[in-house]
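Working through the structure, step by step
In case you want the letters, here they are:
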Amino acid sequence: MKLKSVFSSEAVHSMDSVLVGSFRKAPSLTTGVNYWRTKYCAGIYHASSYVLKDTWHKRKVPKEYNFLRLQQSSLNYHYKGIDGVCTCQKCNIKFVVKATSEQSFEAEPQAFDPKSSLDPVKNSLDAFYRFSRPHTVIGTALSIISVSLLAVQKLSDISPLFFTGVLEAVVAALFMNIYIVGLNQLSDVEIDKINKPYLPLASGEYSFGTGVAIVTSFSIMSFWLGWVVGSWPLFWALFVSFFLGTAYSINVPMLRWKRFAVLAAMCILVVRAVIVQLAFFLHMQTHVYKRAAVFSRPLIFATTFMSFFSVVIALFKDIPDIEGDKVFGIQSFSVRLGQKPVFWTCVTLLEIAYGVALLMGVASTCLWSKIVTGLGHAVLASLLWYHAKSVDLKSKASITSFYMFIWKLFYAEYLLIPFVR
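This report concerns the structure included in the present document. Note that this is a predicted model, so its numbers are computed, not measured.

**Digging into the overall build of the protein**
The secondary structure content of the protein amounts to 16 helices and four strands. The buried share among the 421 residues of the protein stands at 43%. Within the protein, counting contacts between residues at least 6 apart in sequence, those at least 24 apart form 73% of the total. A total accessible area of about 23,300 Å² is found for the protein, and carbon and sulfur atoms account for 66% of it.

**A look at helix 15 (residues 367-389)**
Given a rise of 1.5 Å per residue, 23 residues ought to cover 33 Å, and the 34 Å separating the end C-alpha atoms of helix 15 matches this to within 8%. Within helix 15 the residues assigned to the buried category are Ser 369, Thr 373, Gly 374, Gly 376, His 377, Leu 380, Ala 381, Leu 384 and Ala 388. The elements touched by buried residues of helix 15 are helix 11 (297-316), helix 14 (339-362) and helix 16 (396-416).

**Brief notes about the nonpolar core**
Judged by nonpolar contacts, the single largest core of 79 residues is most densely connected at Phe 309, Phe 316, Tyr 354 and Phe 402. Aside from chain neighbours lying at most four places away, what touches Phe 309 is Leu 350, Tyr 354, Ile 406, Leu 409 and Phe 410. Residues Leu 244, Trp 257, Ala 264 and Cys 267 belong to the second largest nonpolar core, which totals seven residues.

**A few points about the side chain of Lys 317**
Residue position: Lys 317 is located in the loop between helix 11 and helix 12 (322-327). Its relative accessible area of 18% is what places Lys 317 among the buried residues. Looking at Lys 317, its side chain comes within polar contact range of the side chain of Asp 318, at 3.0 Å. The contacts of Lys 317, once residues within four sequence positions are left out, are Tyr 248, Ile 268 and Tyr 403.

**Topic: the packing of aromatic side chains**
With the rule as written, the count across this model stands at 28 aromatic pairs. Ring centres 4.9 Å apart and planes at 20° place the aromatic pair Tyr 179 and Phe 242 in the stacked group. Separated by 63 residues along the polypeptide, Tyr 179 in helix 5 (residues 160-187) and Phe 242 in helix 9 (residues 232-249) bring together distant segments of the chain. According to the relative accessible area criterion, Tyr 179 is buried, its value standing at 7%. Under the relative-accessibility criterion, Phe 242 is labelled partly exposed at 25%. With a centroid separation of 5.3 Å and 50° between ring planes, the pair formed by Phe 343 and Phe 402 is classed as tilted. Note that Phe 343 is positioned in helix 14 and Phe 402 in helix 16, a separation of 59 residues in sequence. Assigned by exposure class, Phe 343 and Phe 402 land together as buried.

**Details of the packing of helix 4 (residues 134-149) against helix 5**
Contact geometry for helix 4 and helix 5: axes closest at 9 Å, N-to-C directions at 150°. Between helix 4 and helix 5, the interaxial angle falls into the category roughly antiparallel. In this structure, helix 4 meets helix 5 at a crossing whose hand is right-handed. On the side of helix 4, the interface is formed by Thr 136, Val 137, Thr 140, Ala 141, Ile 144, Ile 145, Ser 148 and Leu 149, while helix 5 contributes Phe 162, Val 166, Ala 169, Val 170, Ala 173, Leu 174, Asn 177 and Val 181. Residue classes in the contact of helix 4 with helix 5 are distributed as twelve nonpolar, four polar and no charged.

**Considering the packing of helix 5 against helix 9**
At a closest axis distance of 9 Å, the pairing of helix 5 and helix 9 adopts a crossing angle of 10°. On the basis of the axis angle, helix 5 is roughly parallel to helix 9. For the pair helix 5 and helix 9, contact is made by Glu 168, Ala 169, Ala 172, Ala 173, Met 176, Tyr 179, Ile 180, Leu 183, Asn 184 and Ser 187 and by Leu 234, Leu 238, Ser 241, Phe 242, Gly 245, Thr 246, Tyr 248 and Ser 249, respectively. Partitioned by chemical class, the residues of the contact of helix 5 with helix 9 number eleven nonpolar, six polar and one charged.

**Remarks on helix 10 (residues 261-288)**
An α-helical segment advances 3.6 residues per turn. Residues three or four places apart therefore align on the same side. Here helix 10 spans 38 Å end to end across 28 residues, near enough to the 40 Å set by a 1.5 Å rise per residue. Along its length, helix 10 shows its largest kink, about 45°, at Ile 275. The element helix 10 is extensively covered by neighbouring structure, given that 20 of its 28 residues are classed as buried.

**Description of the pattern of salt bridges**
Under the criterion given, the structure shown has nine salt bridges. Linked by salt bridges that have partners in common, Asp 126, Arg 130 and Glu 205 make up one network.

**Thoughts on unusual backbone geometry**
Within the chain, Met 254 stands out as a residue other than glycine whose phi angle is a positive 75°. Mapped onto the elements of the fold, Met 254 is located in the loop between helix 9 and helix 10. The backbone of Lys 290 sits at a positive phi, close to 60°, despite the residue not being glycine.

**Quick word on a nonpolar patch on the surface**
There is a patch of nonpolar side chains on the surface, built from Trp 227, Trp 232, Trp 236, Phe 239 and Phe 243 and spanning about 650 Å² of accessible area. Element by element, the count of residues in the nonpolar patch is highest for helix 9, at four residues.

**Considerations on the environment of Asp 126**
Among the structural elements, Asp 126 can be located in helix 3 (residues 114-131). Asp 126 sits in the partly exposed class, given a relative accessible area of 37%. C-alpha of Asp 126 to C-alpha of Pro 200: the two residues are 74 residues apart in sequence and 9.4 Å apart in space. Of note is the side chain of Asp 126, whose polar atom sits 2.9 Å from the side chain of Arg 130.

**A few points about the environment of Phe 242**
Residues Phe 242 and Ile 180, 62 residues apart in the sequence, show an inter-C-alpha distance of 7.1 Å. In this view, Phe 242 contacts Met 176, Tyr 179, Ser 219 and Phe 223; residues no more than four positions away in its chain are not counted.

**Focus on the side chain of Gln 277**
Within the secondary structure layout, Gln 277 lies in helix 10. Separated by 2.5 Å, the side chains of Gln 277 and Tyr 414 make a polar contact.

The rules we used
- For every chain, the first residue of the written sequence is number 1, and numbering continues from 1 onward in sequence order.
- Since the coordinates come from a predicted model, pLDDT governs what is reported: local features require at least 70, and pairs of side-chain atoms require 80 or more to be given and counted, while whole-chain, interface and lining totals use all residues.
- Side-chain metrics rest on all non-hydrogen atoms present in the structure, leaving aside hydrogens and water.
- Working definition: helices are DSSP H or I runs of at least four residues, strands are E runs of at least two. Numbering for both runs from the N terminus.
- For the exposure calls, accessible area comes from a 1.4 Å probe over protein chains only, and a residue counts as buried if that area is under 20% of its type's maximum, exposed if over 50%, partly exposed in between.
- A contact between two residues is defined here by any heavy atoms of the two lying within 4.5 Å.
- Computed with a 1.4 Å probe, the accessible areas rest on the Shrake-Rupley method; for each residue, only the protein chains presented here act as cover.
- Each residue after the first adds 1.5 Å to the expected span of a helix.
- Nine residue types can take part in a nonpolar core, namely buried Ala, Val, Leu, Ile, Met, Phe, Trp, Tyr and Cys, and a core is a set of them joined through side-chain atoms within 4.5 Å.
- Two N or O atoms count as a polar contact when they lie within 3.5 Å, although within protein this holds only if one can serve as hydrogen donor and the other as acceptor, and sequence-adjacent residues are included solely when both atoms are side-chain atoms.
- Pairing of aromatic rings covers Phe, Tyr and Trp, the last through its six-membered ring, and needs centres within 6.5 Å; plane angles under 30 degrees mean stacked, over 60 mean edge-to-face, and all others mean tilted.
- The axes are straight lines fitted to the C-alpha atoms, using for helices just the contacting stretch, and the angles between their N-to-C directions are given from 0 to 180°.
- Orientation is classified from the angle alone, with under 35 degrees giving roughly parallel, over 145 giving roughly antiparallel, 65 to 115 giving roughly perpendicular, and any other angle giving oblique.
- Take the far helix as your reference; a near helix turned counterclockwise from it by less than a right angle gives a left-handed crossing, and one turned clockwise gives a right-handed crossing.
- Only Asp, Glu, Lys and Arg are considered charged in this grouping, and only Ala, Val, Leu, Ile, Met, Phe, Trp, Tyr, Cys and Pro are considered nonpolar; every other residue, Gly among them, is considered polar.
- For a residue, the bend is simply the angle between two axes, fitted respectively to the seven-residue segment ending there and the seven-residue segment starting there.
- A carboxyl oxygen of Asp or Glu within 4 Å of a side-chain nitrogen of Lys or Arg is what we treat as a salt bridge.
- Patch criteria: residues need more than 30% relative accessible area and no salt bridge. Like-charged residues are merged within 9 Å; nonpolar side chains of Val, Leu, Ile, Met, Phe, Trp and Tyr are merged within 5 Å.

Written out as structure tokens, the structure reads:
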């Protein structure tokens, strides 16, 4: 309950007028001033006391109270008689109330909100998250870890040396991954305004200069780390990925290979299927463990299977982007052949790959490998067919959702590859 002032400014002003008018008629100025000053202050005192008592008895709540302070300067009226004429000079009246109330009469300063101060940081992290294309980052990290496990021959190989070698490879490759996806966005700003308007460059969250600064920094950091580590397989993996990623995206004569369906698919196949499997395996085998280079049965399987998968990703990624690709003359297989034929070609290729993997699992001499790889690939093949039948090829959202499901199958495959023996 708020305590309201019993005297408004209009009332005080009106009373001032009455006082002045009365003083002019008073026979004694000093007597009149003292008399009305006493009456006025007494009225304030009694009125405020009455309000305080009434408020105190009505609330009866154990609450911390502020004190009512009515600071009223005396109605200092100085009167001077000048040639028999009375003049009145009124001093300023201060009326300060600090009452028992739920809110103060004075506006309190706004409390510090830590959430609002963190908003710019959260927005920056969210923009960079989208810029880095997280599904590719996860795929890169999982593939390197999985292939590195193929170099493990005995339990003692799982050592700090192993984790150091994996960390070096993963960090350097992720830096290069951000360079490649970032350069692609820099080259496709206008296309992405149609196909992927949520990306930071297409939406305007990042300026072109910001994008250039990010991709330049990450490419330099990637090569620097590869050079410092001193692993030639790792360094060549970074160099080949840099060259093919640049040739795929950058819009200069003889390059921008994404315009040509076969060249675009070859770029993705070489990086995802060949470079990742062979170069990072050799990094662990020759640089970390100091062993001779060998091409084992699991490594050959991983390279072959991921070749199928890389072709599927290369073909399928263009299906939801057909609208923008048509406008800007990107002759993808989806533009040339249509969405439906490419869609079912991708599904068929993956089912064939799963069938081969299932047979390889059954043929394994290791019982636990036979069970894990055989059963695992059978489950993944069933899930693929089940989801493929429910896709609406007229809905971009449905196609995009299925494309992300294919990436989940990609992740799952790299969880199975270390069990191939």
